[in-house]
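# Observations on the model geometry
Read off the chains here:
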Amino acid sequence: MTSSPSDTEPTTLSGYADEVAAAVGGTGEVTFDTVKVTVESAHWEAAHRTARDELGLVFFSWLSAVDWSNEVAVGDPPGEEVEERLEVLSTLSDISEGRRVTFTTSITKEAPSIASLVGVYAGANWHEREAHEMFGIDFEGHPDLSHLYLPESFVGNPLRKQYPLLSREVKPWPGTVDVEPMPEGPSEENPES
Amino acid sequence: MVMDQDVARHLSEASVSVELETADMTLNIGPQHPSTHGVLRLVARVDGERAYDLKPVIGYMHRGYEKLSEVRTYPQITTLINRIDWVSGYANEIPFVVAAEKLMELEVPERAQYIRLILTEMARISSHLVFMASYPLELGAATPLFFALRERERVLDLIESVTGGRFHPNFNRIGGVKPAYGSGSSTRKMVQDLPAGFFAETRRAMDEVLNAVDELESLVAGNEIILIRTKEIGVLPPDVAASYGVSGPNLRASGVAFDLRRVERYLPYEDFDFEIPVGENGDCWDRWWVRLQEIRQSASIVQQAIDGIPAGPLQAKVPKVIKVPAGETYVRAENPKGEMGYYLVSDGGSAPYRLKIRSASFSNISILPWILEGVLVPDIIAIMGSLDFVLGDVDR
């Protein structure tokens, strides 16, 4: 590293996180140089409108979700027990100083529904269509939630943790083999071999 | 007189019926069309010479990398993300490894960072040269292709000499870059990290690229047909671009000096002098012009980096089995096509719990229904080409 941002940035970043959180009525934190502001799902659209109009966060970077689930059909279950929920995330940026904020909120898996951001950021359209097909989230007020990537006949939400990865079901991935030392190569324990 | 009235009525009816007969036509472009750089389908309603209600249909190349990355270990994922934007495969790896390094709190050696930076800028040059080759071709001018691809091959040869791959280098490791063959990652004995003569060859290649950029400029900028086809065509206002998340050269062509190399710290760009070229009108011409200037800036950055590259190791000390501590971060980088970023959620395991891939072309072409509303049919190709997208970067 030619310059170490860790000495100076956390204070300014956490100050900025508090400033954004106060403006939109949420709680702010800084996680590994990412300003993350948690808002209530009912205030999702209003928070983005405030961010765009009052905080200058005019650049819509992306919107997606995380399925927090203790039961997984593929991959490893989470390291610690998590609260079952869908976390919706969006990232905005300003285009003068380049500051960015990740907004987050949680919705239940029983009623996965949240207000659409299409009225605030036109670019949210495709991102919400993707999140709709991948996670099964309904975006209220979205003009057209048809499938984006998947065929219209596709059933299921592939990025949900309980959705199986079919190729993995057919043939297990030989992941454990990969980390064993090569037969003739040097190993960490015995570098001279 | 009676007859004249009849004729007049008849004529007026005829003109009415002519207007009624103009019916809208549905025009289908793609999924396989040379201007789509992959498989993209556009469905437009055409009224006479103009296109309306355009609908892009994507997903033909969706490979499900976000799901796949949940069952791959971190070192395996770089082979996947290489193939997102295959025109600049090297640059895709950077934000991902930086995100993992951030969660692991690794300090990447300076020399490795400089090598990353040199190769990223060379990937930018080769990506922009593909645009310099294909865009005039789409407008009917074939000659610039030969100039641009000749130089691109030079740059790709150099990338290959370091990484072993022209398109899919898979050269980054978490904690640094791949040690050269024979150097031995575990013994940390460095025999040789870059091929012999790499710096001299690169310096020469950058001079050749700068010459070719001059040639391209005189070929294209002096071409009246290209000027007519691109000036004031496909104007993109900065506020619309930002709300759609259009980034990179497309945003800068609209007059916004927003470059993530200046605002994010994923590579040591603060050590270098370079300018951010911006356009004035945000039309197709400005998007071409901005990319041409960026090649010049990138060549200058590469030359500065060669002059200032420090000696030292290529790898931070990392465990043999990489497990990333629990945490979340978003790392984005200025890729040739625009903002590319990874939102990495780790639960402490050897594979990400969730990896959201933010690719530039996806947002860049989400503007198509807006920017192509009511344009002339031949301008569809001119505008689409000027956005410089790759379908692998759209579909992921």
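Residues numbered from 1 in each chain as written. Chains lettered and ligands numbered in written order. Predicted model: local features only at pLDDT ≥ 70, side-chain atom pairs only at ≥ 80, totals over all residues.

### Brief notes about the sheet that holds strand E3 (residues 59-68) of chain A
Residues and elements named next belong to chain A.
- Here we have five strands laid out as an open sheet, ordered E1-E2-E5-E4-E3, and mixed in their pairing. Each edge of the open sheet carries a strand with a single partner, namely strand E1 (27-31) and E3. Across the sheet, the mean angle from the axis of one strand to that of its neighbour is 25°, orientation sign disregarded. (Pairing = 2+ DSSP bridges. Helix = DSSP H or I, 4+ residues; strand = E, 2+ residues; numbered from the N terminus. Axes fitted to C-alpha atoms, helices over the stretch in contact; angles between N-to-C directions.)

### Brief notes about unusual backbone geometry
All names here are of chain B.
- Although it is not a glycine, Glu232 adopts a positive phi angle of roughly 60°.
- Relative to the assigned elements, Glu232 resides in the loop between helix H8 (224-230) and helix H9 (238-244).
- With 11 C-beta atoms packed within 10 Å, Glu232 lands in the exposed category.
- A positive phi angle is found at Arg396, which is not glycine, with a value near 55°.
- Its place among the elements puts Arg396 in the segment after helix H16 (391-395). (Buried ≥ 20, exposed ≤ 12 C-beta atoms within 10 Å, placed from the backbone.)

### So, the environment of B:Thr230
Residues and elements named next belong to chain B.
- Turning to its location among the elements, Thr230 is positioned in helix H8.
- Judged by the 26 C-beta atoms lying within 10 Å of it, Thr230 is buried.
- Spatially, the C-alpha atom of Thr230 lies 35 Å from that of Gly165, the residues being 65 residues apart in sequence.
- Excluding its chain neighbours within four sequence positions, the residues that come into contact with Thr230 are Asp283, Cys284, Trp285, Trp288 and Ala382. (Contact = placed C-beta atoms within 7 Å.)

### What about helix H7 (residues 198-221) of chain B?
Residue and element names in this part refer to chain B.
- End to end, H7 covers 33 Å across 24 residues, agreeing with the expected 34 Å (1.5 Å per residue, within 8%).
- Those residues of H7 not exposed but buried are Thr202, Met206, Val209, Ala212, Val213, Leu216 and Val220.
- On its buried side, H7 packs onto helix H5 (110-138), helix H6 (143-163), H8 and helix H12 (284-308). (Expected span 1.5 Å × (residues − 1).)

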